[in-house]
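Residue-level listing of the chains:
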Amino acid sequence: MLLNAKRSATLRFRVSILSPLRHQSTLPPNPNPTTALTKSQLKALVINRYSRGKFSDLIQNVVASPPVLLLACQNLTSRSNDFNSPAVASRFSVKELGPELGENRFDVESCSVRMVPSRKKGESLVLPNLKLKVVIEAIRMVLEIVYDERFVTFAYGGRVGMGRHTAIRYLKNSVQNPNWWFKVAFDREKLDKNVDKLCLVIEEKIKDAVLIGIIRKLFECEVLQIELGGCYLGRGFPQECGLSSLLINVYFNGFDQEIQSLRLKINRENPRFDSNEVLSGSNVFYKPVKMYAVRYLDEILVITSGSKMLTMNLRNQVMKFLEGKLELKVDGLKTAIHSATSEKIDFLGMELQAVPPTVLRPPMSEKAIRAQEKYIRQKEVKAIELRNARETNRKKLGLKILAHVFNKLKQSRGEFKFDFHIENQVREIFTTWADEVVKEFLASLEEQSNWYRMLSAGDFLSLRHIRNQLPQELVDAYDHLQEQVDMHIKPIKARKALEEAERRIEAEEEQKYAKRTVEELTRLCMKVDAPIELVRKAVKMAGFTNNMGRPRPIKLLIALEDTDIIKWYAGVGRRWLDFFCCCHNFKMVKIVVSYHLRFSCLLTLAEKHESTKLEAIRHYTKDLKVSDFNGIEEMHFPTEREVKMMGDKILSDPKPVDGTLSLAMIRLASDEPSYSCVAHFCDRKDTIVYRVRLLQNRLNVNPLDEKKWVPRMGAIHESLNRKCLPLCPDHIHDLYMGAISLQDIDCTSFVDVD
């Protein structure tokens, strides 16, 4: 009897896995269980598990489904053409993994690899293998569907379309008149002690003991480590688990709801009125008290447009909630209130400050106005020259036409016949010329005055005793002529229209000046700057410049091919340009990339080939052109013109430069056997073994020491230093260019090379 019960339960379980979309779904079922689901099918599958306010049994009925696991494999693949079923089957069996998860037999610890550092006193790191990464990604996809729509609008990071640049764009466009702000600073601590609290938060929406058990096991095995107050979240480092960002958002969701209720309370107490209605006819400006909040993972910024006492009250409430209900340690000294106008604050790796609008959009200087007037005069002179040349050409063409017609009449002795009837074309040409001449004439007030004076002043036909002696037809014709002259050539109307246009332009300029002055005195905007001093310090620490700030070669990269050297520099430069493209001082970052990085690359190439800088420039050009095996020139580094034309891009969450800048992949010159590429689900065998060299190990610097390391700059975990990774040409290209990071590589599949 018990055997039959188990068999029937197993049968029901298999049916729910192989045909998960068959019940309560409007979408057609997946016809082939060995193919990946679409995102809409996955969403419908998760929603089907919702009942009585909770999602139940997500691991057994959703995550353990082979199509869902295949979709997770597809998401982990950096290149779409790399994903195929044989590539997955060569690493592990999806059909076996599904029952292991559904029957709670999946062993997390056996799928974890402890990375031992190269130095004796170094810290080890536990990384998941590719099989565990697939399980983590499947859980992440399911939890994202459950929670994403429940997060507040100011929660950024770990969400689709809600990244750093989206948060910065919100700060620049929505925050008005900020007066005070503070940034919540956490003590550096891991979230391991708060796992029970996190599981209780998850259990409020999900009823699944297997899921909670897997999350607990991930924390116990140290595969999932969340360190608040650190510098590695959202940067593409391998020590960051795929679930970290989502679980942080889940844990802080209660805090976000509390902040949202505080914002609504302040809005109710300080309603927003129309200043024209409330204070009509007055010079008083009404500024409503507002509260703004932005959270990117563990970085929290609170802004107010009210008094300092209001901000202090909000700070106390925020710290009380974080330390009380979330049981987190907040650094009270660093969580200090700052003036938004007189002090800069660091947020998301950028510097924020409240400034008047003229700082962001300054008026034209006197030099720029003179240059604009000079340009307008040059355009007018060029237009006059073109008009004179056009008139000269018309005269020549008209004389040619008359001479041709006259010769034809002489030759034909009065019988002039056309082979082609071009009367309409000639009439159209002359009509166009006449219209242009009249238009140019009417546009000149001086010429109108001269012609009006000649046609109307001092004519004897205007005398009465003369008019009585002339025929009536002649007098009428003269009067009609005078009427037409007054109607079309009289300069008084044109002068009045010109004066009216000038007065209108002056009034518009005065109105713009008044509006700009009022905004300058009553409005504050958000200015976002790149921390240029930290960028220069990073440039110097990485070896791009010497102590005097001049470009220098990096000798570690000499072992690479010319193309790989240029790609490494290009990856660092493009990461910097993409990350800081929304900043007001983006021009300074452009100088760093276009000058320091470009010439450091040229000097490195010159050092490799034992030549001079001028010879390297002559060979590679300043655009760093390099030829491939087929002799086709390629340009990986952004050209000077491309850098100059760069501006604010529509980027959601660009990765910082930390992972690319602190990582160097050095090619090994050895006759090692061919290995498979360690990128996710890449089966290529034409690989080259590269050794990982980390910046902090080369410099023998602790990244936690802000005096020797760049503040707020993260670093890849030291346990990966000197590890050897086989990579195919496509993925080493993507890694150099910053298109992928070590998160997209199975670092546990490193090879041992002496």
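See the structure printed just above.
Keep in mind that what you see is a predicted model, and the values were worked out from it rather than measured. (Residues numbered from 1 in each chain as written. Predicted model: local features only at pLDDT ≥ 70, side-chain atom pairs only at ≥ 80, totals over all residues. Heavy atoms only, no water.)

Quick notes on empty space enclosed by the protein
1) Next: Following the criterion strictly, the structure yields 3 cavities of 30 Å³ or more and no others.
2) Next: Every residue lining the largest cavity is counted, 15 residues in all, and those nearest its centre are Gly659, Thr660, Leu663, Leu735 and Ser741.
3) Next: Mapped onto the lining of the largest cavity, the elements with two or more residues apiece are helix H23 (562-579), helix H27 (658-661), strand E18 (663-667) and helix H29 (729-736).
4) Next: Per-class residue counts for the lining of the largest cavity are 9 nonpolar, 4 polar and 2 charged. (1 Å grid on protein atoms, 1.4 Å probe; cavity = no way out; pocket = protein on both sides within 12 Å on 5 of 7 lines; lining within 4 Å. Points joined across faces, edges and corners; volume = space filled by probe spheres on them. Helix = DSSP H or I, 4+ residues; strand = E, 2+ residues; numbered from the N terminus. Nonpolar A, V, L, I, M, F, W, Y, C, P; charged D, E, K, R; others polar.)

Looking at H29
1) Next: Within H29, the full set of buried residues consists of His731, Ile732, Asp734, Leu735 and Tyr736.
2) Next: Packing partners of the buried residues in H29 comprise H23, H27, E18, strand E19 (688-694) and strand E20 (724-727).
3) Next: Positioned one or two residues after H29, Gly738 has a phi angle of 80°, which is positive. (Buried < 20%, exposed > 50% of the residue type's maximum accessible area, 1.4 Å probe, protein only. Contact = heavy atoms within 4.5 Å.)

Here we look at the environment of Ala739
1) Next: Residue position: Ala739 is located in the segment after H29.
2) Next: For Ala739, a relative accessible area of 57% translates into the label exposed.
3) Next: Sequence separation between Ala739 and Arg574 is 165 residues; the distance between their C-alpha atoms is 9.9 Å.

Some words on the sheet that holds strand E15 (residues 525-529)
1) Next: Taken together, 3 strands build an open sheet; the order of strands is E13-E14-E15 and the sheet is antiparallel. Here the strands that pair on one side only, and so sit at the sheet edges, are strand E13 (345-347) and E15. Averaged over all pairs of adjacent strands, the angle between strand axes in this sheet comes to 40°, irrespective of strand direction. (Pairing = 2+ DSSP bridges. Axes fitted to C-alpha atoms, helices over the stretch in contact; angles between N-to-C directions.)

Re the packing of helix H7 (residues 130-147) against helix H10 (residues 209-220)
1) Next: Relative orientation of the contacting elements H7 and H10 amounts to 125°, with a least axis distance of 12 Å. Taken together, the axes of H7 and H10 are oblique relative to one another. Two packed elements cross with a definite hand, and for H7 against H10 that hand is left-handed. Of the residues in H10, those touching H7 at Leu132, Ile136, Ile139 and Leu143 are Leu211, Ile214 and Leu218. (Parallel < 35°, antiparallel > 145°, perpendicular 65-115°, else oblique. Left-handed = near helix turned anticlockwise from the far one by under 90°.)

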